[in-house]
Amino acid sequence: MAVQAHPKTVPTHNYHGLQPSDLIRMYRLMYFSRRLDDREIQLKRQHKIYFQISGAGHEAVLVAAGQVLRPAHDWFFAYYRDQALCLSLGLTPREMLLQAVGAKDDPSSGGNQMPSHWAKPELNIVTRSSTAGMQWLQAVGAAEATIYFERHPQALDQAQHAPLGESVRHSSDEIVYVSGGDGMTSQGEFFEALNAACLSRLPVLFLVEDNGYAISVPVEAQTAGGSISRLVRDYPDLLVEECDGTDPLASYDVMRRAAEYCRARKGPALVHAHVTRPYSHSLSDDEKLYKTPEEREQEAHRDPIARFGLFLVREGILDEHDLEQLEAEVDREILEATDFALAAELPSEKSILQWVYSPDVDPTSSRFESEPKFVGQPKTMLEMIPATLADEMERDARIVVFGEDVADCSREENLKELKGKGGVFKATAGLQRRFGSDRVFNTPLAEAAIAGRAIGMAIRGLKPVAEMQFFDYIWPAMMQIRDELVVTRWRSAGHFKAPAVIRTAIGGYLTGGGPYHSQSGEIIFTHLPGLRVVMPSTALELCGLLRTAIRCDDPVLFLEHKHLYRQPYNRSPYPGPDFTIPFGKARLVREGTDLSIVTYGAMVHRAEVAAAELQREGISLEVLDLRSLSPYDWEAIVSTVTKTNRVIVAYEDMRSWGYGAEIAARIADELFHDLDAPVRRVAALDSFCAYQPLLEEKILPQSRDIVTAARELSAF
């Protein structure tokens, strides 16, 4: 039972409108947060928990934020020192300690994620990773969803009726809170997020909790001039405030102004709070190795717990006896929560794979099997993209299409005079003109921002279809994809999801593409659990697989081979607005009896050319197009290998460590007794793709390489 402190009747004009009861609650939350840190440190040293990182020294500005912001109304991308904020919003000590022990009923992650990485959909506290600075961009995407839902209520309704729709909320004056330490502002994603937020005047409240150190690196070695707020003051429409983050009242005043600015839709706000870090970065760190005793003593004098407790006594709001009672009650509650957590049930081994993919929508199921209903003249792969996207956008108001150059024209007023671009390959031509700039828009040239914003939108319930202009330039987004996009569902035990679609043009055979417009590398992404990866080789498959990608409930990397975009041999009439193809189902391109070739992408046509030549020599080649790379159709591979007993795995990427190497290894491992010859790989040389066409032809695998390998295997 809570201690009923009896604050005296005191004037409140010095407290920025806060009542004495508010101040008592704020102190209680601050003290609660600190004592939770102390208990976790004790448990870690007793080997009863496995990781600890504290929010000590940050408590004042965080409880101030908790007074201003609204749980289950605003949205929170909190970082690992935001314990006091999460307590203010409604997370309980029991829930926090359940995460520390990795319990089954840990509401943040079910034991999958470290402690201090909070998540609770009921409070709009969004799951987070351990990577520094990724959250900035996701918060921007979440704020874009805020504005989008205001303008498109149909999208909100559709999102609320989709899987996990009960977590989709929108309020007319909601804002998005995102926080990080001063070290996290060194990440490029921080500046990309500020740029995007200011471009669209988004309601994002950035809180930088500056304790002077990023682990052992002091702020003057992190930030030019030692002040992030000084660096960003000239961003248009960005309100920048600075405060003593160890003072709850000063912090409250600043946080209130920042939140009001965002709620009024004037633009984003950034609060630079100067806090302390009285404990080491984590229990894996020892600050005495890099902080002098004098510096540590100076920090101790700024400790927000001691200072605020003394303030309450001096102001006559609490006397010393009341303060001691409050602290004793908190200690008892923490002890009870500890006993509860230590006795909690641990997660089952069955949970390991439980949240890797959506439990609600299976894109490999018969639900996605359909027959085409052809209409119109044959379309190329490139023409099939906007046709498919247009039908899906008509059906689903949640879909937004964005990336570099994807719009017809960023200056919408000029569209009446211009034909418009619609992507460097014209893959999205006409979509902005048809659906408007809310739904089809250009982004800055910043791949991490494209991916990060897509994650934030998807978490809020939108269906982003983002374009990376070239696969060769996807790498700046790799952290957002690997550590954020594909892990969101699993690390939150299914409470959050990010089913974004990322389209990108991949591959060579361009005659002059060179090393930076001809890359493959799909193996890097098929290695990621949680991500679906597909690569169609015909216009018909592009339509069916793209529609499945949009309608499924997992993140999808949709690989479009540039060489195939305009080829006449893979064209198809439009198969209708409901045509889908299941993931994980290969296509038997050509039947044969002597030898199988397992392939995908631009290699499919080269295999067909080789098969025609080999047929004249009396060698019957069976060609299997995987088309879905993760998952892939192992049953189809088994069927063709056991039929012909000889197999070539052909892929465009470099031979060593490539996608085909894994397929070849599994065939050798599981089908060894069905083979009459070794598994052969046909792939690119272990080099880069050269600009000179003669070199490119030699580097990339050709039909003649398949013919040579097939002759050798047939003679084995």
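Preceding this section is the structure that the text describes.
All residue numbers refer to position in the chain's written sequence, counted from 1. It should be noted that, the model being predicted, local features are given only for residues of pLDDT at least 70 and side-chain atom pairs only at 80 or more, the latter also being counted only at that level, while totals for whole chains, interfaces and linings use all residues. Side-chain calculation: all heavy atoms of the structure are included, whereas hydrogens and water are not.

Side note on the overall build of the chain
Secondary structure is summarised from DSSP: a helix means a run of H or I of at least four residues, a strand means a run of E of at least two, and numbering begins at the N terminus for each. A count of helical and extended segments in the chain gives 24 helices and 21 strands. Computed over its C-alpha atoms, the radius of gyration of the chain comes to 29 Å, within 12% of the 27 Å expected for a compact globule of 716 residues. Seen through its C-alpha atoms, the chain measures out along the principal axes to roughly 100 × 65 × 45 Å. For the chain, the proportion of its 716 residues judged to be buried stands at 61%. Using C-alpha atoms as the atom set, the radius of gyration is obtained and then compared with a globule rule of 2.2 Å times the number of residues to the power 0.38. Between buried and exposed lies partly exposed: a residue is buried under 20% and exposed over 50% of the maximum accessible area for its type, with that area taken using a 1.4 Å probe on protein chains only.

A few points about helix α6 (residues 153-160)
Of the positions making up α6, those classed as buried are Ala155, Leu156 and Ala159. Looking straight down α6, one finds its buried side chains confined to an arc of 100 degrees; they lie on one side. On its buried side, α6 packs onto α5 (135-151). This arc is built from the directions going out from the helix axis to the C-beta atoms. Every residue pair with non-hydrogen atoms within 4.5 Å of one another is taken to be in contact.

Digging into the nonpolar core
The biggest cluster of nonpolar side chains holds 97 residues, and the ones touching the most others in it are Phe206, Leu270, Ile481, Phe525, Ile637 and Ile667. When residues of this core are assigned to their parent elements, the largest contribution, 10 residues, is made by α5. Grouped together as the second largest cluster of nonpolar side chains are 66 residues, Val61, Val68, Leu85 and Leu97 included. Here, nonpolar core means buried Ala, Val, Leu, Ile, Met, Phe, Trp, Tyr and Cys residues that are tied together by side-chain atoms lying within 4.5 Å of each other.

Re the layout of surface pockets
Think of a 1 Å grid over just the protein atoms. A cavity is a set of points where a 1.4 Å probe fits yet cannot get out, a pocket is an open set with protein on both sides within 12 Å along at least five of seven lines, and lining residues have an atom within 4 Å of a point. Grid points are joined across faces, edges and corners, and a volume is the space filled by probe spheres set on the points. The space that makes up the largest pocket amounts to roughly 590 Å³. Lining the largest pocket are 25 residues; nearest its centre among them are Glu144, Ser200, Ser437, Phe441 and Arg453. Counting residues per element, the ones that place at least two in the lining of the largest pocket are α5, α7 (188-199), β10 (440-442) and α15 (447-460). Ranked by residues supplied to the lining of the largest pocket, first place goes to α5 with 4 residues. Approximately 320 Å³ is the volume found for the second largest pocket. Among the elements of the structure, α18 (522-526) and β20 (647-654) are those that each provide at least two residues to the lining of the second largest pocket. At 3 residues, β20 tops the list of elements feeding residues into the lining of the second largest pocket.

A word on the sheet that holds strand β7 (residues 269-274)
Read from one edge of the open sheet, 5 strands run β1-β2-β3-β7-β6, paired in parallel fashion. The strands lining the two open edges of the sheet, one partner per strand, are β1 (75-77) and β6 (239-244). When strand polarity is set aside, the average angle formed by the axes of neighbouring strands in this sheet is 20 degrees. With 6 bridges joining them, β6 and β7 adopt parallel strand pairing. Counted as the bridge partner of Cys243 is Ala273 from β7. Where α7 meets the sheet, it contacts β3 (204-210) and β7, and its direction lies at approximately 150 degrees from that of β3. Only strands joined by at least two bridges in the DSSP assignment are considered to pair. Note on definitions: angles span 0 to 180 degrees between N-to-C directions of axes, and those axes are lines fitted to C-alpha atoms, for helices only across the stretch in contact.

Some remarks on the pairing of strand β18 (residues 621-625)
When you tally the buried positions in β18, you get 5 out of 5 residues, the bulk of the element. Every second residue of β18 is oriented toward a common face, with Leu621, Val623 and Asp625 on one face and Glu622 and Leu624 on the other, all of them buried. One ladder, built from 3 bridges, connects strand β16 (residues 587-590) with β18; its direction is antiparallel. Its bridge partner being in β18, Leu588 is matched across the sheet by Leu624. Where strand β17 (residues 595-599) meets β18, 5 bridges bridge the pair, whose relative direction is parallel. Note on β18: the bridge partner recorded for Leu595 is Leu621. In terms of handedness, the path from β17 via helix α20 (residues 603-616) over to β18 forms a crossover that is right-handed. Seen with the strands pointing away from the viewer, any crossover whose path from the first strand over the helix to the second strand runs clockwise is right-handed.

Overview of the pattern of salt bridges
We count a salt bridge whenever a side-chain nitrogen from Lys or Arg sits within 4 Å of a carboxyl oxygen from Asp or Glu. In the structure shown here, the tally under the stated rule is 51 salt bridges. With its nearest N and O atoms 3.3 Å apart, the salt bridge here joins Arg233 to Glu242. With relative accessibility at 40%, the residue Arg233 sits in the partly exposed group. With a shortest N-O distance of 2.7 Å, Asp253 and Arg257 are connected by a salt bridge. On the criterion of helical spacing, the pair formed by Asp253 and Arg257 is a turn pair, its members being 4 residues apart in helix α9 (residues 248-263). Residue Arg257 is classed as partly exposed on the basis of its relative accessible area, which comes to 34%.

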